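What follows is the residue order along each chain.
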Amino acid sequence: MSAPILIQGTGIRKVYDAKGSRGAVEVLSGVDLSIHSQERLAIVGSSGSGKSTLLHILGGLDTPTSGDVVFEGSYINRMNSTELARFRNQQIGFIFQFHHLLPEFTSLENVLMPALLSNQDKETMEARAISLLDALHLSHRLHHRPTELSGGEQQRVAIARALINKPKLVLADEPTGNLDKHNATAVMELLLGLQESENLTLAIVTHDPMIATHCERIYELQAGTILKSDAK
Ligand code: ADP
Ligand code: MG
């Protein structure tokens, strides 16, 4: 693949400490992976295989026990908490299985939240938020609160929120896992459309073989390591 590497993980290990009667659990035992600029990568694997753990480590939400994660030349595993917060806010868009929208705020306000934290021009960001919500077919839901939206609509707001700061890397953890098939397909199509129009690099954890077929490469996690990396 000719595109430059955007993020590279080398020898990523993650051990969760012993709690109560449970011994320490080694979830990742030396994962090597690289994600190229503007590619679509699927990460698959059975439940409990460490997919979410890996995604959180790549996005700086969690730290590896050992190993390195390098994003455009910066070691994110060596950043302090202030640097990490800034890195996540500016470079990473997270989409989770559950939308985690703030219930007391409207769609538009939820989407603008990461922009407020990054201190950007209010009018420019509001215009971008409205345009993203429009691309996600939510122009008629700008001022609704999460409880007034369907599951598919909530997840589309969460996608707009993930993209508001123009992150280079979008990490999606089973983003349609909570939706029925019809909504899952619609949300995925919109997300893939935005991946192209916004030139995003997208890593998506999924159980859905249909989604994986829309990706250029597939990594499978098994027994703590990457089992295979298939070209489509
Ligand atoms: P997946 O997303 O593939 O289902 P996870 O990354 O969520 O897997 O979890 C992998 C393993 O790590 C599971 O066995 C899970 O119980 C364990 N695990 C995840 N988070 C923690 C934690 N904070 N403390 C202890 N064990 C954890
Ligand atoms: Mg998971």
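Higher on the page you've got the structure.
First things first, this report covers the structure right here in the doc. Keep in mind the model is a prediction, meaning the values are calculated, not measured. (Residues numbered from 1 in each chain as written. Chains lettered and ligands numbered in written order. Predicted model: local features only at pLDDT ≥ 70, side-chain atom pairs only at ≥ 80, totals over all residues. Heavy atoms only, no water.)

### Brief notes about the overall build of the protein
No. 1: From N to C terminus, the protein includes seven helices and ten strands.
No. 2: Its C-alpha atoms give the protein a radius of gyration of 18 Å, within 12% of the compact-globule value 17 Å for 232 residues.
No. 3: Oriented by its inertia axes, the alpha-carbon framework of the protein measures out at about 50 × 45 × 40 Å.
No. 4: Among the 232 residues that make up the protein, the fraction classed as buried is 47%.
No. 5: Pairs at least 24 apart in sequence give 70% of the contacts found in the protein among residues at least 6 apart.
No. 6: Carbon and sulfur atoms provide 50% of the accessible area of the protein, an area that totals close to 11,400 Å².
No. 7: Computing the positive centroid from 21 side-chain charges and the negative centroid from 26, the protein places the two 2 Å apart. (Helix = DSSP H or I, 4+ residues; strand = E, 2+ residues; numbered from the N terminus. Rg over C-alpha atoms; globule rule 2.2 N^0.38 Å. Buried < 20%, exposed > 50% of the residue type's maximum accessible area, 1.4 Å probe, protein only. Contact = heavy atoms within 4.5 Å. Areas by Shrake-Rupley, 256 points an atom, 1.4 Å probe, with all protein chains shown as cover. Lys, Arg positive; Asp, Glu negative; His and termini not counted. Charge placed at Lys NZ, Arg CZ, Asp CG, Glu CD.)

### Points about the sheet that holds strand β2 (residues 25-36)
No. 1: Read from one edge to the other, the open sheet built from four strands follows the order β2-β1-β4-β5, with strand pairing classed as antiparallel. Bordering the open sheet on either side are β2 and β5 (74-75), each of which pairs with just one other strand.
No. 2: Of the strands in this sheet, β1 (5-16), β2 and β4 (66-71) are in contact with helix α1 (residues 51-58), which crosses β2 at around 55°. (Pairing = 2+ DSSP bridges. Axes fitted to C-alpha atoms, helices over the stretch in contact; angles between N-to-C directions.)

### A closer look at the site of ligand 1
No. 1: Neighbouring residues of ligand 1: Tyr 16, Lys 19, Arg 22, Val 27, Ser 46, Ser 47, Gly 48, Ser 49, Gly 50, Lys 51, Ser 52 and Thr 53.
No. 2: Residue Tyr 16 places a side-chain N or O atom 3.4 Å away from a nitrogen atom belonging to ligand 1.
No. 3: Here an oxygen atom of ligand 1 and a backbone polar atom of Ser 49 are 3.2 Å apart.
No. 4: For ligand 1, the protein covers 66% of the area, taking 560 Å² as the surface of the free molecule.
No. 5: The element best represented in the shell around ligand 1 is α1, accounting for three residues.
No. 6: Each residue belonging to the shell around ligand 1 can be placed in one class, and the counts come to two nonpolar, seven polar and three charged. (Near = heavy atom within 4 Å. Polar contact = N/O pair within 3.5 Å; in protein donor to acceptor, adjacent residues only side chain to side chain. Nonpolar A, V, L, I, M, F, W, Y, C, P; charged D, E, K, R; others polar.)

### Points about α1
No. 1: Most of α1 sits inside the fold, with six of its eight residues counted as buried.
No. 2: Taken together, the buried positions of α1 are Lys 51, Thr 53, Leu 54, Leu 55, Ile 57 and Leu 58.
No. 3: Positive phi shows up at Gly 60, right after α1, with a value of about 75°.

So yeah, pure geometry; function would need other evidence.
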